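The residues making up each chain are set out below.
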Amino acid sequence: MPYQAKKIHNEYLEMIIDIGYPGFLITISILVYLILRIWQTMRFADDRSIYIAILLSLATILAHSFIDFNFAYGFVVFMIFWLIAMGLKTLAAPKRLKKWPLYTLGIYAVILLFALTFAYRFMQADFSYQKAMNTDNLIAREQYLEEATSYNRFDTEYWYMLSDTLTNQKDKRKTKNAIYQMVALEPMNSQVIYQSGVLLEKMNEKRDALYQYRNALELDPFDWRIYQGIISLSVDMAEEHESNRYEKIAIATYDRMLNQYEQFEKNPIGQDHNRRGFEMTDAIEEDIVKAKTFLSHE
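All of these numbers come straight from a predicted model, not from anything done at the bench.

What to know about helix H6 (residues 156–166)
- Within H6, eight of the 11 residues are buried, which leaves it mostly tucked inside the rest of the structure.
- The set of residues buried in H6 consists of Thr156, Tyr158, Trp159, Met161, Leu162, Ser163, Thr165 and Leu166.
- By the N-cap criterion, in which a side-chain oxygen at the helix start approaches the backbone nitrogen of a residue two or three places on, H6 is capped by aspartate 155, the distance to glutamate 157 being 2.9 Å.

In structure tokens:
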């Protein structure tokens, strides 16, 4: 379905995407540790009802997180830590502090230093990016965007804007390096692959652009822009080459889109999920007429 959303309806997958496996494991480890502390406190309590209620409430939130992005809401995060704070009430006869928490403190200090370092770099990257967006001087914009990518090499938007700025320069090798750096960051993201095709077409690297468009289509068969990019570029290349290869690519892509669109229209809830406006455009129809005309004259 051509359905698009900015959040995955699974908080744990969302965390893996946002902070990676190391961050996910650290976050889950902290939550598990705190819940185990609540369980330990409950074992020595005279009245366990409050702790049972707390653990059941936490279990409900964490279980629901498998089908929703609960941590995206501040009040849910506040509720989780409020429940944890209630469950970690000091025992009447606190035990002697063991030495191992000191090692834990050292580990957390290292993690905190690591996090602060990256937070600083990401802030500097955003600062440079904002300066790039606020200048019309292409040389200055290129410098600011290079600063942004040096501080944060993981943001595809920075690489896209740098590549787009470099397309106005004569150094094609540098531009293509920036484009493929963007692709390498998210090789399974159809939007990133499509954007790389747009940039390559802008550079007049038509074969590479067509290759990227077709890769994007394999990842997302419900984006009309990708179909239009392939068909329009194939027709354009067909006018430049004597081979009928590009006309066939255009027609095959059109047939695939037509098949997807027919299946989509048969779905009773299709239009309700059509947030990206998946449809057969006039431009696509016009290009297909050209492709069939070229093919009939050969």
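Description of the packing of helix H7 (residues 172–185) against helix H8 (residues 190–202)
- At their nearest, the axes of H7 and H8 sit 9 Å apart, and the two run at 170° to each other. It follows from the interaxial angle that H7 and H8 lie roughly antiparallel. When H7 is examined against H8, the residues Lys176, Ile179, Tyr180, Met182 and Val183 are found in contact with a partner set consisting of Val192, Ile193, Gln195, Ser196, Leu199 and Leu200.

Focus on a nonpolar patch on the surface
- Taken together, the side chains of Ile26, Ile30, Tyr33, Ile107 and Tyr108 make up a nonpolar region of the molecular surface, amounting to roughly 400 Å² of accessible area.
- Mapped by element, the contributors of at least two residues to the nonpolar patch are helix H1 (11–43) and helix H4 (100–133).
- Per-element tally for the nonpolar patch: the top contributor is H1, with three residues.
- Residue placement: isoleucine 26 occurs in helix H1.
- Classification of isoleucine 26 by relative accessible area gives partly exposed; the value is 33%.

Describing the packing of helix H10 (residues 224–240) against helix H11 (residues 245–266)
- Relative orientation of the contacting elements H10 and H11 amounts to 160°, with a least axis distance of 8 Å. Regarding the angle of H10 to H11, the classification is roughly antiparallel. H11 is crossed by H10, and the crossing has left-handed handedness. Judged by residue contacts, Trp224, Tyr227, Ile230, Ile231, Ser234, Val235, Met237 and Ala238 of H10 engage Tyr246, Glu247, Ile249, Ala250, Thr253, Tyr254, Arg256, Met257 and Gln260 from H11.

Some words on a negative patch on the surface
- Taken together, the side chains of Glu279, Asp282, Glu285 and Glu286 define an acidic patch exposed on the protein surface.
- By the secondary structure assignment, aspartate 282 is in helix H12 (residues 282–296).
- Residue aspartate 282 is classed as exposed on the basis of its relative accessible area of 61%.

Re the packing of aromatic side chains
- Considering all chains together, one arrives at seven aromatic pairs under this definition.
- Centre to centre, the rings of phenylalanine 114 and phenylalanine 118 are 4.7 Å apart; their planes meet at 50°, and the pair counts as tilted. Pair noted here: phenylalanine 114 and phenylalanine 118 are both in helix H4, with a separation of four residues, about one helical turn.
- Its relative accessible area of 54% is what places phenylalanine 114 among the exposed residues.

Topic: the pattern of salt bridges
- With the rule as written, the count across this model stands at 10 salt bridges.
- The partner of glutamate 146 in a salt bridge is lysine 174, with the nearest N and O atoms 2.9 Å apart. Placement of glutamate 146 in helix H5 (residues 138–151) and of lysine 174 in helix H7 is noted, with a sequence separation of 28 residues between them.
- The partly exposed category is assigned to glutamate 146, whose relative accessible area is 29%.
- Salt-bridge contacts for lysine 172 lead to glutamate 205; the nearest nitrogen and oxygen are separated by 3.7 Å. Residue lysine 172 is found in helix H7, and its partner glutamate 205 is found in the loop between H8 and helix H9 (206–219); the two are separated by 33 residues along the sequence.

Rules and cut-offs
Residues numbered from 1 in each chain as written. Predicted model: local features only at pLDDT ≥ 70, side-chain atom pairs only at ≥ 80, totals over all residues. Heavy atoms only, no water. Buried < 20%, exposed > 50% of the residue type's maximum accessible area, 1.4 Å probe, protein only. Helix = DSSP H or I, 4+ residues; strand = E, 2+ residues; numbered from the N terminus. Polar contact = N/O pair within 3.5 Å; in protein donor to acceptor, adjacent residues only side chain to side chain. Axes fitted to C-alpha atoms, helices over the stretch in contact; angles between N-to-C directions. Parallel < 35°, antiparallel > 145°, perpendicular 65-115°, else oblique. Contact = heavy atoms within 4.5 Å. Patch = residues over 30% accessible without salt bridge, like charges linked within 9 Å, V, L, I, M, F, W, Y side chains within 5 Å. Areas by Shrake-Rupley, 256 points an atom, 1.4 Å probe, with all protein chains shown as cover. Salt bridge = Lys/Arg side-chain N within 4 Å of Asp/Glu carboxyl O. Left-handed = near helix turned anticlockwise from the far one by under 90°. Lys, Arg positive; Asp, Glu negative; His and termini not counted. Charge placed at Lys NZ, Arg CZ, Asp CG, Glu CD. Phe/Tyr/Trp six-rings, centres within 6.5 Å; stacked < 30°, edge-to-face > 60°.

Fair warning: the whole summary comes from geometry, so function is off the table for now.
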